[in-house]
Amino acid sequence: QVQLVESGGGLVQAGGSLRLSCAASGRTLGPYTISWFRQAPGKEREFVSGIPWRGGSTAYAVSVKGRFTISRDNAKNAVYLSMNNLKPEDTAVYYCAAVLFATAVSDSQSRYDYWGQGTQVTVSS
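Since the model is a prediction, treat every value here as computed from it, not as a measurement. (Residues numbered from 1 in each chain as written. Predicted model: local features only at pLDDT ≥ 70, side-chain atom pairs only at ≥ 80, totals over all residues. Heavy atoms only, no water.)

This part takes up the packing of aromatic side chains. With the rule as written, the count across this model stands at 6 aromatic pairs. Here Phe 37 and Tyr 112 contribute two aromatic rings whose centre-to-centre distance is 5.4 Å and whose plane-to-plane angle is 75 degrees, an arrangement assigned as edge-to-face. Taken together, the positions of Phe 37 in strand 4 (residues 32-39) and Tyr 112 in the loop between strand 9 (92-100) and strand 10 (114-115) put the pair 75 residues apart, joining distant regions of the chain. Residue Phe 37 shares its accessibility class with Tyr 112, and that shared class is buried. Aromatic side chains Tyr 112 and Trp 115 sit 6.4 Å apart centroid to centroid with 75 degrees between the ring planes, which places their arrangement in the edge-to-face category. Take Tyr 112: its relative accessible area is 5%, and that puts it in the buried class. Pairwise contacts between aromatic rings join Phe 37, Phe 47, Tyr 112 and Trp 115 into one cluster. Lying across the ring of Tyr 80, Arg 19 places its NZ or CZ 4.1 Å from the centre. The ring of Tyr 95 is capped by Arg 45, whose NZ or CZ atom sits 4.0 Å from the centre of that ring. (Phe/Tyr/Trp six-rings, centres within 6.5 Å; stacked < 30°, edge-to-face > 60°. Helix = DSSP H or I, 4+ residues; strand = E, 2+ residues; numbered from the N terminus. Buried < 20%, exposed > 50% of the residue type's maximum accessible area, 1.4 Å probe, protein only. Lys NZ or Arg CZ within 6 Å of the ring centre and 35° of its normal.)

Structure representation (structure tokens):
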């Protein structure tokens, strides 16, 4: 079982940048497809971005495309979400999620077996 820990959240002004990290303990992240989801107050959790375990294409929600970049460093056992030009509507708790050997990124929460505890991102206007 892989345990996921998110970090890198914080308070930033609109137009600023943050980089979130999703680290794993207990297992290597190498064979896991990883996605980021977020949940804003009073809203449902939504897909943000995902990266397959090998090859394939990354995926982004329309709302973040062109501003966010997902990447992985298997040597460091981590996945990153670089967020630029942040907007107040990006304010949410961000979660990383993992599924073993998925060949493609899914935007469905039910596809993922492991979840981190989340990290808060707050963007002030």
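Read on for the rest.
Read across the open sheet, the 4 strands follow the order 1-3-8-7; overall the sheet is antiparallel. Strands at the two margins of the open sheet, each flanked by one partner only, are strand 1 (3-7) and strand 7 (68-73). Averaged over all adjacent pairs, the angle separating strand axes in this sheet is 15 degrees, with direction ignored. (Pairing = 2+ DSSP bridges. Axes fitted to C-alpha atoms, helices over the stretch in contact; angles between N-to-C directions.)

Right, let's talk about the pattern of salt bridges for a bit. Using the criterion set out here, one finds 3 salt bridges in the structure. The salt bridge involving Glu 46 is made with Arg 38; its shortest N-O contact spans 2.7 Å. Overall, the relative accessible area of 37% leaves Glu 46 in the partly exposed class. According to the relative accessible area criterion, Arg 38 is buried, its value standing at 5%. (Salt bridge = Lys/Arg side-chain N within 4 Å of Asp/Glu carboxyl O.)

Attention shifts here to the state of the cysteines. Under the defined criterion, the tally for this structure stands at 1 disulfide. The disulfide that involves Cys 22 links it to Cys 96, with 2.1 Å between the sulfurs. Between Cys 22 and Cys 96 the disulfide shows an S-S torsion of about 70 degrees. By sign, it is right-handed. Here Cys 22, found in strand 3 (residues 18-25), pairs with Cys 96, found in strand 9; they are 74 residues apart in sequence, far enough to count as distant. Both residues of the pair, Cys 22 and Cys 96, belong to the buried class. (Disulfide = S-S within 2.5 Å.)

These figures capture arrangement, not role.
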